[in-house]
Amino acid sequence: LKMSCLWLYLPLHLLMATCLCHSIKAPTTSSQQSFKTDLFNFYHSLILADGKETTIHLLKDIPKRYYFVLEEGRVLAPFSVTVTPCDVPIEWSILVYKSPPAKATPGDHDTQEVSKSQKASSMVSTIFNYKGNSVETYMGMSSHSALYLLEFLSTERDTHITVYLTTDTTSGHLYPELPVDPRIDVIGVGHTTVTLTWKHSPSVLQHRESIQYCLLVNEKHNYKSLCAAETAIRSSGMKLPPTLALSLSPYLLEPQQVMILSNSELSIINKVSSGEVRQVCMGTKNTYTVPNLSPSTQYYFDVFIVNLLTNASAAYTGTFARTLEEPEPKVTELKDGKVVHVVVDGKKQKFYTLQYQARHKKIHFTFQLCRGQIRVHITRNGKTVASENLSGLRYFSLKGKVLDTYLVQLRPTEESNSSVKVQASPHFHKPLFPLLPESLKIKSFSKLRTCRSVTIAWLGTQEESKYCVYRKRIEEDQIWRELQSADRCSGPESRHKSEKVLCKYFYDLNLQRAVTTETIKGLEAGTLYLFDVYLFGPSGIPVRYDSKVVKTRKKC
């Protein structure tokens, strides 16, 4: 007989625990071949740190091995291994190498041969194996000295995983604890919102200051771990800091990320090819309503409980929900020559629809934007014929066939209320609004300003029309509000009688000379005034020029 012994280069106090000796008779036995394979495995292994999360990078079809040793002298030593795949499914297993028992007593030669074969095979055993992409934890207990080998393999593509080994199960957990029921419940679904709730983690009750919940929303699928979610976002062509829950800082945002801070909740929206990926951390609240979703869309929701001190996290069981379909918009009929005043609530209403059936080939649409910002979209028999943002007064002259159906869709481009006046009529119909000048701006002459008077000018047209001038005294802090909140469709009837300055008629066939000036007297020195001019056409409906703010001189 000869002795073959493997000595692993470990710290001295582990040396005795890691010497594996085999008694082998001949170099051609199957047990010796198995032992040579074990030798190769150990020579190509790395030691796995105890009590620390280790990130391991795997190359496709190339196994990677790590080992750890349970020291001799510990009675019923507990240990646990947690493996978190961060992308594709992997295969991993745990093998245990036990120290051989004492030599057998001399006896029958054949009996000794069978006994040695059994010893060689019993020294190495697989105690756990798994294939998948879920977070898995193996918990074991060893009553004797043993060496453990962990083998990891990815057969789909290069990837990375995290592994956490601990032999100290009494000093707390690295990962936050999940409740007994880790499911996320959907308690409300709307057209653009989904309300979720989940049971509190025991870790929140013990370490409220260092624990928080983070929610991930996407349109693709659920993620079984936080690192899997981070990897998926990165693979979408986006850079993401190492820990999603801890990376919500403005200076780390990419151009395709939008950050929203509201009611102590921090959200990041990533624009990716497969849709939006939202990250929301809401502290220790366990109920959350996800806003601003798209109607009739399926979303996947994952909640992670995150330890802010260790960066470790645990995943609740993900869920999904489909938002309700958007209700059919109410359609208002347009009649020839009739003016419709439409008010759209930017917060509640996505769009407003008007329908018009043509009785003539040529159709004339008129829009007067009264307040806010609105985009108009016109289709004829389902095909787009016009689409643009409205500004002031806008005309569309369209030519089609008798009985063509036109749909006018009005969308607010901001959250505040917007309003617009709309008229549809045959092309020969009497115009609703007066003939407009090239510009609706009011000009003031700085050199003609005095302490008691201001001179203004505005453009006219080739058509004789009535112009009325109004003034209003305002303060410095009222300027922005007055200019932004002004209803451009309102006429002089909304003004106080004391604000009226004068009304006059004028026109000029030569547009180069179609301009008029007016000096407004009786003003106070060093005072701000808001001036408005109203133009009246044959129909009597006024058009309001852009308001002008002028300040009289303080000293003359």
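Residues numbered from 1 in each chain as written. Predicted model: local features only at pLDDT ≥ 70, side-chain atom pairs only at ≥ 80, totals over all residues. Heavy atoms only, no water.

**Student:** Quick one: what's the story with the overall build of the protein, residue by residue and with numbers?
**Tutor:** Regarding its fold elements, the protein presents 6 helices and 38 strands. Burial statistics for the protein: of 556 residues in total, 45% are counted as buried. Sequence separation of at least 24 residues holds for 73% of the intrachain contacts in the protein that already meet a minimum separation of 6. Accessible surface, the protein: about 30100 Å² in total, of which carbon and sulfur atoms supply 51%. (Helix = DSSP H or I, 4+ residues; strand = E, 2+ residues; numbered from the N terminus. Buried < 20%, exposed > 50% of the residue type's maximum accessible area, 1.4 Å probe, protein only. Contact = heavy atoms within 4.5 Å. Areas by Shrake-Rupley, 256 points an atom, 1.4 Å probe, with all protein chains shown as cover.)

**Student:** Any chance you could break down the sheet that holds strand β23 (residues 339-344) for me, citing the residues and the numbers?
**Tutor:** The strands that make up a sheet pair up through hydrogen bonds in the backbone, lying either parallel or antiparallel. Reading across the sheet, the 4 strands line up as β23-β30-β25-β28 and stay open at both edges, with antiparallel pairing between neighbours. Each edge of the open sheet carries a strand with a single partner, namely β23 and β28 (393-399). Along the sheet, successive strands turn relative to each other by an average axial angle of 20°, direction set aside. Strand direction decides the pairing type here: strand β25 (residues 362-371) and β28, joined by 7 bridges, are antiparallel. Paired with F367 across the strands is R394, a residue of β28. (Pairing = 2+ DSSP bridges. Axes fitted to C-alpha atoms, helices over the stretch in contact; angles between N-to-C directions.)

**Student:** Describe the nonpolar core, listing the residues and the values that go with them.
**Tutor:** Here is a general trend for soluble globular proteins: nonpolar side chains tend to be buried in one another's company. In this structure, L354, F365, F367, I378 and L410 are the most contacted members of the largest nonpolar core, which totals 25 residues. Mapped onto this core, the elements with two or more residues apiece are β23, β24 (352-357), β25, β26 (374-380), β28, β29 (405-412) and β30 (418-426). Ranked by residues supplied to this core, first place goes to β25 with 4 residues. Discounting residues that sit within four places of it in the chain, F365 has contacts with L334, Y356, I378, R394, Y395, F396, L398, Y406, V408, Q423 and A424. (Core = buried A, V, L, I, M, F, W, Y, C linked by side-chain atoms within 4.5 Å.)

**Student:** Which residues make up the state of the cysteines, and what values go with them?
**Tutor:** One pass over the structure, following the stated rule, counts 5 disulfides. One disulfide in the model links C214 with C281; its S-S distance is 2.0 Å. Disulfide C214-C281: torsion about the S-S bond near 100°, hence right-handed. Separated by 67 residues along the polypeptide, C214 in strand β14 (residues 211-218) and C281 in strand β17 (residues 275-281) bring together distant segments of the chain. Across the pair, C281 and C214 agree in class, each one buried. Each sulfur in the disulfide pair C468 and C503 lies 2.0 Å from the other. Between C468 and C503, the disulfide has an S-S torsion of 110° and is therefore right-handed. Taken together, the positions of C468 in strand β33 (residues 465-474) and C503 in strand β34 (residues 500-506) put the pair 35 residues apart, joining distant regions of the chain. Disulfides within the protein link the bonded cysteines, taken in sequence order, as 1-3, 2-4, 5-8, 6-10, 7-9. (Disulfide = S-S within 2.5 Å.)

**Student:** Give me the lowdown on the environment of G188, citing residues and values where you can.
**Tutor:** Among the secondary structure elements, G188 is positioned in strand β12 (residues 184-189). Residue class for G188 comes out partly exposed when judged on its relative accessible area of 23%. Sequence-wise, G188 and T323 are 135 residues apart; in three dimensions their C-alpha atoms are separated by 9.7 Å. Sequence-distant contacts of G188, that is, excluding residues within four places in its chain, are made with T193, V194 and T195.

**Student:** Describe the pairing of strand β7 (residues 90-98), naming the residues involved and giving the relevant values.
**Tutor:** Here β7 lies mainly inside the structure; 7 of its 9 residues are buried. In this sheet, strand β10 (residues 146-153) lies alongside β7 in antiparallel orientation, the contact comprising 8 bridges. Within the sheet, the bridge partner assigned to I94 lies in β10 and is L150.

**Student:** Can you lay out unusual backbone geometry for me, pointing to particular residues and giving the numbers?
**Tutor:** The bulk of non-glycine residues show a negative phi, and the bulk of peptide bonds are trans. Of note, D61 is a non-glycine position whose phi angle comes to about 65°, a positive value. In this fold, D61 is placed in the loop between β4 (52-58) and β5 (64-70). Despite not being glycine, N292 has its phi angle at roughly 55°, a positive value. Considering the arrangement of structural elements, one finds N292 in the loop between β18 (287-290) and β19 (298-307). Looking at N292, the relative accessible area reads 62%, which means it is exposed.

**Student:** How would you explain the packing of aromatic side chains if you had to name every residue and give the values?
**Tutor:** Any pair of aromatic rings gets described here by the distance separating the centres and the angle formed by the planes. What the rule picks out here adds up to 19 aromatic pairs. When the ring of Y356 is compared with that of F365, the centres are 6.0 Å apart and the planes differ by 80°; the resulting orientation is edge-to-face. A relative accessible area of 1% places Y356 in the buried class. Arranged with centres 6.3 Å apart and planes meeting at 35°, the rings of Y529 and F531 form a pair that is tilted. You can call Y529 buried: its relative accessible area is 5%. For F531, a relative accessible area of 0% gives the class buried. One aromatic cluster is present, formed by F68, F79, W92, F128, Y138, Y148 and F152 through successive ring pairs. Lying over the aromatic face of F396, R394 brings its terminal NZ or CZ to 4.4 Å of the ring centre. A cation sits over an aromatic face here: K504 above F506, 5.9 Å from the ring centre. (Phe/Tyr/Trp six-rings, centres within 6.5 Å; stacked < 30°, edge-to-face > 60°. Lys NZ or Arg CZ within 6 Å of the ring centre and 35° of its normal.)

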